[in-house]
Amino acid sequence: MHEGLPTQLPDIDPDETQDWIDSFDALLDERGRERARYVMLRLLERARQKAVGVPALRSTDYINTIPPEREPWFPGDEDIERRIRAFIRWNAAVMVSSANRKGLEVGGHIATYQSSASLYEVGFNHFFRGKDHPGGGDQVFIQGHGSPGIYARAFLEGRLTEQQLSRFRQEVQHGVGQGLPSYPHPRLMPEFWEFPTVSMGLTAINSIYQARFNRYLHNRGIKDTDQQSVWAFLGDGEMAEPESLGAIRIAAREELDNLVWVVNCNLQQLDGPVTGNGKIIQELEANFRGAGWNVIKVIWGREWDELLARDVDGVLVNQMNTTPDGQFQTFSVEDGAYNREHFFGPDPRLRKMVEHMSDRQIEKLPRGGHDYRKVYAAFDSATKHTGQPTVILAHTIKGWTIDSLEGKNATHQMKKLSMADLKKFRDRLYLPISDRDLESTYEEKGTAPFFHPGMQSPEIEYMLERRRSLGGSLPRRVVRSTPLELPAEKLYGELKQGSGTHKIATTMAVVRLLKDWMKEPGIGKRIVPIAPDEYRTFGMDAMFPSAKVYDPAGQTYESVDRNMLLQYKMSPQGQMLHEGISEAGALASATAAGTAYSTHGEHMIPFYIFYSMFGFQRTGDSIWAMADQLGRGFLVGATAGRTTLTGEGLQHADGHSPLIAATNPAVVHYDPGYAYEIAHIMRNGLERMYGTGGPEGQGENVIFYLTVYNEPVSQPAEPEDVDVEGILKGIHRVSVAEGDGPRVRLLASGVALPWIEEAARMLREEWGVAADRWSVTSWNELARDAVAAEEWSLLHPGETPRTPYVTEKLTGSAGPVVAVSDYMRAVPLQIARWVPEDYRVLGADGFGFADTRPAARRFFRIDAESVVVQALQALADAGEIDSAVVEKAFQQYRIDDPTAVAGVMQEGGDA
């Protein structure tokens, strides 16, 4: 037995065997692939029930999955397509080499696209459906380092100019938008690129959840995505990233046969072999087969077919199976004599097999990923396969067709071609570029000329016709969605009323508003609740019976809580995405939902709620990619802060996510403390992202990030003179202290607002100090506004400088300013430069730990008593009170001693 298949066992009853095979063939012919697959799966299930040993097929021989006799007829003109590939190869390499000419040297990558050109061109000419296709078009994730080839194709199509190609990686020096970005970045080329892919590993997980979200849209009746496929191009070195393989079981479990991965197995990562002593294609095959994927290997080109047909003893297949990748790379750079001696030479049967071939013929035996017909057969089979996602493992050579780059360990870092390299490259591609033109351009510009055969040439007419028949050029990003009908003002009334005698955590306020949103006819069905196994934590289990958890298979079991009111309910039409313990998967779903307005022309509103500690810290790279993809939606960091979830301890204590959020220009962070603030912020988020805002009147490409807390607090009613502008811009005054005497201003955000309320009372009643209170809904937005004001003033000398909003708001009130939050000091310190008076900041710096909230806040010195002492110290430093008052307060409150609050009770349990 070899991998579960009988290879040497005798057939004791050939007639009976043939009857079974004939029966299966008849089933396949009469009932189709899906029925045949179902029956085979039931037979395998029955075999296991009867204890008949059926070994798992984890890997197969190192040969093509599709034998020559099963290859379909190739419908294209292979000669024309070969010339098209040659034009693209040349322009892609010249573009990168030009970008590295003396005095510019901005980098780039030549070799990746050269190894994958055939893979892409088979897709572009025969499979990838464009945006104008009646079925809606495919989503194609381009391998990041292959971008030069995609630009080169767009140049031939007339979508990009020669000038743009010459400005590769020069995005501002010739004018913003006049050059080309290095990689697929939708934010930098919003009408061209659709998916950002160069952060290794994110293509894999995002493509899986994109394919899944396509099914979600279909099952929920929002859009028919039945004819849309997701194609993802990845490198074999990229598969080492945990995100690359981390979610493949999801694709198999949900039978995403609308997903095709093409792994460009050139056996090299950035600095050398992927697995020099092993066989990466075999390793990947085992991984994918074990996870339940359909695996198609494209190892050898057609010239190997005759040799394999002669391999009656299996000696050639055995040599292929046992040769490690590192040796195959050596074979790719050595001549035919070396290959004859070291690959075919060790066994006389192998040597005899190639005795009729010249050394040159042996040297040119191709890898399968460069054989157009082999690749076409694989793509064709993948698109017709049902019930499983497909991965195509294509064996290629990095830097293929460029003699100086092919198969070299350093090829990823080789970015410039010499004159000799260019001439050899031109000759190998059979391009009609004379030595004189090549040399004169090189001498004048330090690079070779681009090549275009003319828009009326047979090659260009052919490629344009192929794209027209498939629905238009790709990649292409199109926004066809229209603004949504948003909820009226009255919907927010409940949050603005306050909580009366009850105490409500801000997490509950956000969830309550979400439930109201989901009942609204204009946006209700478009909301996509997402959580990584924490719906119950956030009080969202009441949604299970009505909204239901999405599962394409529905619920095939009797739920253990079926007799309870809040039973867990699954449905193919379910609205809630329950991602299990996978923040990476949840963020990938949020990205797919938040970009549906462009990928599908349908506005969807992701509402992704998670432990704030495991948001930006764990998936910041994915959020950055979501921003690059021009995603929209709500990210809700719940159980936020360093001291509200203290029973969980260090790893769950978020004191810094606003700082990480501040690094992402697309993220608008708010840290509201009151329910009425949440009402205005959430409403504003809907209006900005899904209303008529933004430069085109189609909404802004921003992401709202709210941090909310699990601690119940008294929610005040919205004041009649509420400062809505202040709430949205980042700061508003919630109370003005009455009376004479020393004055201070207390600033707080989020869960810290009750602390400064208590501190203001203590200052007034115990120390005779009047304290105004300010709610800072966004330290980040205040800092951004101030930076923008300074930038404007720098660029407008001679004009009246702009005043930052925070400076403007605090001007006119009196006293030193004390700021506190449940985050580290660096969060409020963002605005320190623009606070007009003495500014003191308290914060929860350091690691979190497990204890009660009062103990943690006393330890970090951010509680009300600590605010009082800090305020008194600021007044003493200003000469408004005696320093002895500060010493007295310090001794009275014992702010340096957490044991002083050992008996203080807390409200609201741990998460």
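Reference entry: report on the structure contained in this document. (Residues numbered from 1 in each chain as written. Predicted model: local features only at pLDDT ≥ 70, side-chain atom pairs only at ≥ 80, totals over all residues. Heavy atoms only, no water.)

## Digging into the overall build of the protein
- Check the secondary structure of the protein and you find 34 helices and 20 strands.
- The C-alpha radius of gyration computed for the protein amounts to 32 Å, which stays within 12% of the reference 29 Å derived for 911 residues, consistent with globular compactness.
- Residue burial in the protein is summarised as follows: out of 911 residues, 57% are buried.
- Nonlocal contacts in the protein, meaning residues at least 24 apart in sequence, comprise 77% of its contacts between residues at least 6 apart.
- If you sum the accessible surface of the protein, you get close to 37,200 Å²; carbon and sulfur atoms cover 49% of it.
- Here the protein contributes 96 positively and 124 negatively charged side chains, and the mean placements of these two sets differ by 2 Å. (Helix = DSSP H or I, 4+ residues; strand = E, 2+ residues; numbered from the N terminus. Rg over C-alpha atoms; globule rule 2.2 N^0.38 Å. Buried < 20%, exposed > 50% of the residue type's maximum accessible area, 1.4 Å probe, protein only. Contact = heavy atoms within 4.5 Å. Areas by Shrake-Rupley, 256 points an atom, 1.4 Å probe, with all protein chains shown as cover. Lys, Arg positive; Asp, Glu negative; His and termini not counted. Charge placed at Lys NZ, Arg CZ, Asp CG, Glu CD.)

## Considerations on the side chain of His656
- Within the secondary structure, His656 is located in the loop between β12 (633-638) and α26 (657-662).
- Separated by 2.6 Å, the side chains of His656 and Gln617 make a polar contact.
- Setting aside its immediate chain neighbours within four residues, His656 contacts Met613, Gln617, Arg642, Tyr823 and Met824. (Polar contact = N/O pair within 3.5 Å; in protein donor to acceptor, adjacent residues only side chain to side chain.)

## Structural notes on helix α17 (residues 419-429)
- Of all the positions in α17, only Met419, Asp421, Leu422, Phe425, Arg426 and Leu429 are classed as buried. When α17 is viewed along its axis, its buried side chains cluster within an angular range of 155° and face the same direction.
- Looking at the buried side of α17, the elements it contacts are α2 (78-99), α3 (111-126) and α18 (435-445).
- Following α17 by one or two positions, Tyr430 adopts a phi angle in the positive range, close to 60°. (Arc of directions from axis to C-beta.)

## Quick notes on the sheet that holds strand β7 (residues 527-531)
- Read across the sheet, six strands follow the order β10-β7-β11-β12-β14-β13 without closing on themselves; strand pairing throughout is parallel. The sheet terminates laterally at β10 (577-578) and β13 (667-670), the two strands that pair on one side only. (Pairing = 2+ DSSP bridges.)

## Notes on the packing of helix α29 (residues 753-767) against helix α33 (residues 864-877)
- Following both chains from N to C, one finds α29 and α33 inclined at 55°, their axes separated by 8 Å at the closest point. Between α29 and α33, the interaxial angle falls into the category oblique. The handedness of the crossing between α29 and α33 is right-handed. Between α29 and α33, the contacting residues are Trp755, Glu758, Ala759, Met762, Leu763 and Trp767 on the first element and Ala864, Glu865, Val867, Val868, Ala871 and Leu872 on the second.
- Along the lines of polarity and charge, the residues of the contact of α29 with α33 split into 10 nonpolar, no polar and two charged. (Axes fitted to C-alpha atoms, helices over the stretch in contact; angles between N-to-C directions. Parallel < 35°, antiparallel > 145°, perpendicular 65-115°, else oblique. Left-handed = near helix turned anticlockwise from the far one by under 90°. Nonpolar A, V, L, I, M, F, W, Y, C, P; charged D, E, K, R; others polar.)

## Considerations on a negative patch on the surface
- Taken together, Asp11, Asp13, Asp15, Glu16, Asp19, Asp22, Asp25, Asp29 and Glu30 make up a surface patch of like negative charges.
- Position of Asp29 relative to the elements: it lies in helix α1 (residues 14-49).
- The exposed category is assigned to Asp29, whose relative accessible area is 65%. (Patch = residues over 30% accessible without salt bridge, like charges linked within 9 Å, V, L, I, M, F, W, Y side chains within 5 Å. Salt bridge = Lys/Arg side-chain N within 4 Å of Asp/Glu carboxyl O.)

## Side note on the side chain of Ser98
- Considering the arrangement of structural elements, one finds Ser98 in helix α2.
- Those residues in contact with Ser98 that sit more than four places away from it in its chain are Leu104, Ser166 and Thr447.

## A closer look at the pairing of strand β4 (residues 294-298)
- Where burial is concerned, most of β4 is hidden: five out of the five residues are buried.
- Residues of β4 alternate between two faces, with Asn294, Ile296 and Val298 on one and Val295 and Lys297 on the opposite face, all of them buried.
- The pairing of β4 with strand β5 (residues 390-395) spans five bridges and is parallel. Pairing of Val295 across the sheet is with Val391, part of β5.

## Overview of the sheet that holds strand β3 (residues 259-265)
- The five strands are arranged β1-β2-β3-β5-β4 in an open sheet whose pairing can be described as parallel. Looking at the sheet topology across the chains shown, the edges are occupied by β1 (139-141) and β4. For this sheet the average axis-to-axis angle between neighbouring strands, irrespective of direction, equals 15°.
- In the sheet, β3 pairs with β5 via six bridges, with the strands oriented parallel. Residue pairing across strands places Trp261 opposite Val391, the latter belonging to β5.
- Strand contacts of α3: β2 (230-235), β3 and β5, with the helix running at about 140° to β3, the strand carrying the most contacts.
- In the packing of helix α9 (residues 280-291) onto the sheet, the strands contacted are β3, β4 and β5, and the crossing angle to β4 comes to about 165°.

## Side note on the pattern of salt bridges
- Applying the stated criterion across every chain yields a total of 60 salt bridges.
- A salt bridge links Asp305 to Lys374; its shortest N-O distance comes to 2.7 Å. With a gap of 69 residues between them, Asp305 in helix α10 (residues 305-310) and Lys374 in helix α16 (residues 372-384) connect regions that are remote in the sequence. Taken as a pair, Asp305 and Lys374 share a single burial class, namely buried.
- Put simply, Glu489 and Lys496 hold a salt bridge, and the shortest N to O gap is 2.2 Å.
- Classification of Glu489 by relative accessible area gives partly exposed; the value is 36%.
- Connected via shared salt-bridge partners are Glu78, Asp79, Arg82, Arg302, Asp371 and Arg373.

## Section: the packing of aromatic side chains
- Tallying each qualifying case throughout the model produces 50 aromatic pairs.
- When the centroid spacing of 6.1 Å and the interplanar angle of 50° are considered together, the rings of Phe127 and Trp231 count as tilted. Highlighted residues: Phe127 in the loop between α3 and β1 and Trp231 in strand β2, separated in sequence by 104 residues. Taken as a pair, Phe127 and Trp231 share a single burial class, namely buried.
- Between Phe128 and Phe233 the ring centres are 5.8 Å apart and the planes differ by 85°, which places this aromatic pair in the edge-to-face class. Taken together, the positions of Phe128 in the loop between α3 and β1 and Phe233 in strand β2 put the pair 105 residues apart, joining distant regions of the chain. (Phe/Tyr/Trp six-rings, centres within 6.5 Å; stacked < 30°, edge-to-face > 60°.)

## Structural notes on unusual backbone geometry
- Cis geometry is found at the peptide bond from Leu474 to Pro475, where omega equals -5°.
- Relative to the assigned elements, Pro475 resides in the loop between α19 (458-470) and α20 (493-496).
- You will see that Arg894, though not glycine, has its phi angle at about 50°, which is positive.
- With respect to the helices, strands and loops of the structure, Arg894 is situated in the segment after α34 (883-893).
- For Arg894, a relative accessible area of 37% translates into the label partly exposed.

## Here's the deal with the nonpolar core
- Counting 108 residues, the largest nonpolar core has Trp517, Phe634, Leu746, Leu747 and Leu763 as the members making the most contacts within it.
- Among the elements that take part in this core, helix α27 (residues 675-690) stands out by supplying nine residues, more than any other.
- Residues in contact with Phe634, not counting those within four places in the same chain, are Trp517, Ile605, Pro606, Phe607, Tyr608, Met682, Gly685, Leu686, Met689, Phe704 and Leu706.
- Judged by nonpolar contacts, the second largest core, of 70 residues, contains Ala93, Phe128, Ala154 and Tyr372. (Core = buried A, V, L, I, M, F, W, Y, C linked by side-chain atoms within 4.5 Å.)

## A closer look at the environment of Ala855
- Looking at the element boundaries, Ala855 is found in helix α32 (residues 853-860).
- For Ala855, a relative accessible area of 9% gives the class buried.

## Comments concerning the pairing of strand β17 (residues 743-748)
- Counting buried residues in β17 gives six out of six residues, a clear majority hidden from the surface.
- As paired strands, β17 and strand β18 (residues 770-776) are joined by six bridges and run parallel to one another. Bridge pairing links Arg743 to Ala770 in β18.
- Judged from the four bridges that link them, β17 and strand β19 (residues 817-820) form a sheet pairing that is parallel. Bridge pairing in β19 places Leu747 opposite Ala819.

## Quick word on a nonpolar patch on the surface
- On the surface, a nonpolar cluster with roughly 310 Å² of combined accessible area is contributed by Phe24, Leu28, Met40 and Leu43.
- Here Met40 lies in helix α1.

## Let's talk about the environment of Arg159
- In this structure, Arg159 sits in the loop between α4 (147-157) and α5 (162-166).
- Using a relative accessible area of 27% as the deciding quantity, one classes Arg159 as partly exposed.
- Spatially, the C-alpha atoms of Arg159 and Phe192 are 9.3 Å apart, while their sequence positions differ by 33 residues.
- Beyond its immediate chain neighbours, meaning those up to four positions away, Arg159 contacts Ala154, Gln164, Phe192, Ser473, Leu474, Pro475 and Arg476.
- Of the polar contacts made by the side chain of Arg159, one reaches the backbone oxygen of Leu474; its length is 3.4 Å.
- Only 2.6 Å separates the side chain of Arg159 from the backbone oxygen of Pro475, close enough to count as a polar contact.

Everything listed here is a matter of geometry and, on its own, says nothing about what the molecule does.
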